[in-house]
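Listed below, chain by chain, are the residues.
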Amino acid sequence: EVNLVESGGGLVQPGESLRLSCAATGLAFSNYAMGWVRQAPGKGLEWVSTMSGSDGRTYHADAVQGRFTISRDNSKNTLFLQMNSLRAEDTALYYCAKYRGYWPGWTFDIWGQGTMVTVSS
Amino acid sequence: QSALAQPASMSGSPGQPITISCTGTSSDVGAYNYVSWYQQHPGKAPKLMIYDVSNRPSGVSNRFSGSKSGNTASLTISGLQAEDEADYYCSSSTSTNTWVFGGGTKLTVL
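**Q** Help me out: how do you make sense of the state of the cysteines in this one?
**A** What makes a disulfide is a covalent bond joining the sulfur atoms belonging to two cysteines. All names here are of chain B. On inspection of all chains with the given rule, the structure shows 2 disulfides over all chains. Sulfur-sulfur distance for the disulfide between C22 and C90 comes to 2.0 Å. Where C22 bonds to C90 through sulfur, the torsion about that S-S bond is close to 80 degrees, and the disulfide is right-handed. Pair noted here: C22 is in strand β2 (residues 18-23) and C90 is in strand β7 (residues 86-93), with a separation of 68 residues, a long-range link. Here the two residues C22 and C90 agree in accessibility, since each one is buried.

Right, here's the structure in full:
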């Protein structure tokens with residue numbers, strides 16, 4: 001069974017940084033593209049970032065481009081999201097999710113339980 | 001990267017069918033057959049219900065079906081049940097190497 005466990009969330013002030021981690025078990029991690037999706041309190045889902053399984057391709061939403069960086073360590077089955085210059089509007093529950101399928105038809109099929117990020121002074 | 005358009009809320013009685021629409025553009029929904037649908041119960045992570053417009057993952061009830069015409073995709077639930085009450089989100093790959101979600105539809109089973 002595939003399991004994704006996020007960590008690293010917390011309360012930070014505007015302008016500060018945070019690094020989220022997602023530990024994956026039960027899958028050949030490097031075979032799968034992975035991504036981050038966030039959900040602000042009481043709001044809908046918003047795609048944030050995506051990284052391919054092994055060739056290093058990355059993609060970021062316009063809202064986080066230049067501030068957030070997605071990366072992965074396939075030797076440790078772990079996905080990361082480095083978040084810099086955080087803003088109040090980045091406050092959300094951040095989900096790690098695994099993709100199924102083949103490019104360009106990647107679809108999120110397995111989700112973690114999320115880690116909460118709160119940006120406030 | 002504008003969100004796909006979904007009705008904010010819908011409701012139906014047990015046993016009735018219901019269809020949720022998801023409208024995008026020729027750069028997302030209309031570009032590929034890569035529309036997916038997610039169900040989210042309060043306080044829970046989203047669950048994949050439909051992928052590639054009309055395919056159901058293993059374990060998802062066959063009461064759930066998907067379709068697409070042009071720039072609009074649809075999720076149909078036949079025979080509503082109490083446990084179907086949840087938020088539903090559509091999603092699509094886009095022609096600009098991004099992904100986009102719909103705003104979500106809150107489904108109430110009366």
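**Q** Would you take a moment to explain the interface of chain B and chain A for this structure?
**A** If you look at the interface, chain B gives 19 residues, while chain A gives 25 residues. Interface area, chain B with chain A, both sides summed: about 1,900 Å², of which 61% is carbon and sulfur. The interface formed by chain B and chain A contains 1 salt bridge. Here B:D52 makes a salt bridge to A:R100, at a shortest N to O gap of 3.9 Å.

**Q** Looking at this structure, how should I read the packing of aromatic side chains?
**A** Each aromatic ring pair is characterised by the separation of its centres together with the angle its planes make. What the rule picks out here adds up to 16 aromatic pairs over all chains. Where A:W103 meets A:W106, the ring centres are 5.0 Å apart and the plane angle is 70 degrees; that geometry is what we call edge-to-face. Look at A:W103 and you get partly exposed, because its relative accessible area is 32%. For the ring pair A:W103 and B:W99, a centre distance of 5.9 Å and an interplane angle of 70 degrees mean the geometry is edge-to-face.

**Q** Just checking my understanding: could you explain the pairing of strand β5 (residues 64-69) of chain B for this structure?
**A** On a regular strand, one side chain projects to one face of the sheet and the next to the other, so that they alternate. Residues and elements named next belong to chain B. Looking at chain direction, β5 and strand β6 (residues 72-77) are connected through 6 bridges and run antiparallel. Bridge pairing links K68 to A73 in β6. Taking the residues that link successive antiparallel strands as the turn, the β5-β6 hairpin has 2 residues, and the phi of G70 there is positive, at about 60 degrees.

**Q** Would you mind showing me how to read the pattern of salt bridges here?
**A** A side chain of one charge can pair with a side chain of the opposite charge when the charged atoms of the two come close. Inspection of every chain in the model, using the stated rule, returns 7 salt bridges over all chains. Look at the salt bridges and you will find they share partners, linking A:R38, A:E46, A:R67 and A:D90 into a network.

**Q** Is there a simple way to explain empty space enclosed by the protein in this structure?
**A** Think of a ball as big as a water molecule: rolled over the atoms, this probe shows where empty space is left. The tally for this structure, following the rule as stated, stands at 1 cavity of 30 Å³ or more. Taken as a whole, the largest cavity holds about 40 Å³ of empty space. Lining the largest cavity we find A:W106, A:T107, A:F108, B:Y34, B:S36, B:Y38, B:S91, B:S92, B:S93 and B:W99. Those elements that place two or more of their residues in the lining of the largest cavity are β10 (107-111) of chain A together with β3 (35-40) and β7 of chain B. Of all the elements, β7(B) adds the most residues to the lining of the largest cavity, at 3 residues.

**Q** I tried to follow the sheet that holds β2(B) on my own but got confused; where do I start?
**A** Paired through backbone hydrogen bonds, the strands of a sheet run either parallel or antiparallel to each other. All names here are of chain B. Taken in spatial order, the 3 strands make up an open sheet running β2-β6-β5, and their pairing is antiparallel. Each end of this open sheet is capped by a strand with a single partner; those strands are β2 and β5. Mean inter-strand twist for the sheet, computed between neighbouring axes without regard to direction, equals 20 degrees. For β2 and β6, the ladder comprises 6 bridges, and the chain directions are antiparallel. Bridge assignment links S21 to a residue of β6, and that residue is S74.

What counts and what doesn't
- Residues numbered from 1 in each chain as written.
- Chains lettered and ligands numbered in written order.
- Predicted model: local features only at pLDDT ≥ 70, side-chain atom pairs only at ≥ 80, totals over all residues.
- Heavy atoms only, no water.
- Disulfide = S-S within 2.5 Å.
- Helix = DSSP H or I, 4+ residues; strand = E, 2+ residues; numbered from the N terminus.
- Buried < 20%, exposed > 50% of the residue type's maximum accessible area, 1.4 Å probe, protein only.
- Contact = heavy atoms within 4.5 Å.
- Buried area = accessible area lost by both parts, 1.4 Å probe.
- Salt bridge = Lys/Arg side-chain N within 4 Å of Asp/Glu carboxyl O.
- Phe/Tyr/Trp six-rings, centres within 6.5 Å; stacked < 30°, edge-to-face > 60°.
- Pairing = 2+ DSSP bridges.
- 1 Å grid on protein atoms, 1.4 Å probe; cavity = no way out; pocket = protein on both sides within 12 Å on 5 of 7 lines; lining within 4 Å.
- Points joined across faces, edges and corners; volume = space filled by probe spheres on them.
- Axes fitted to C-alpha atoms, helices over the stretch in contact; angles between N-to-C directions.

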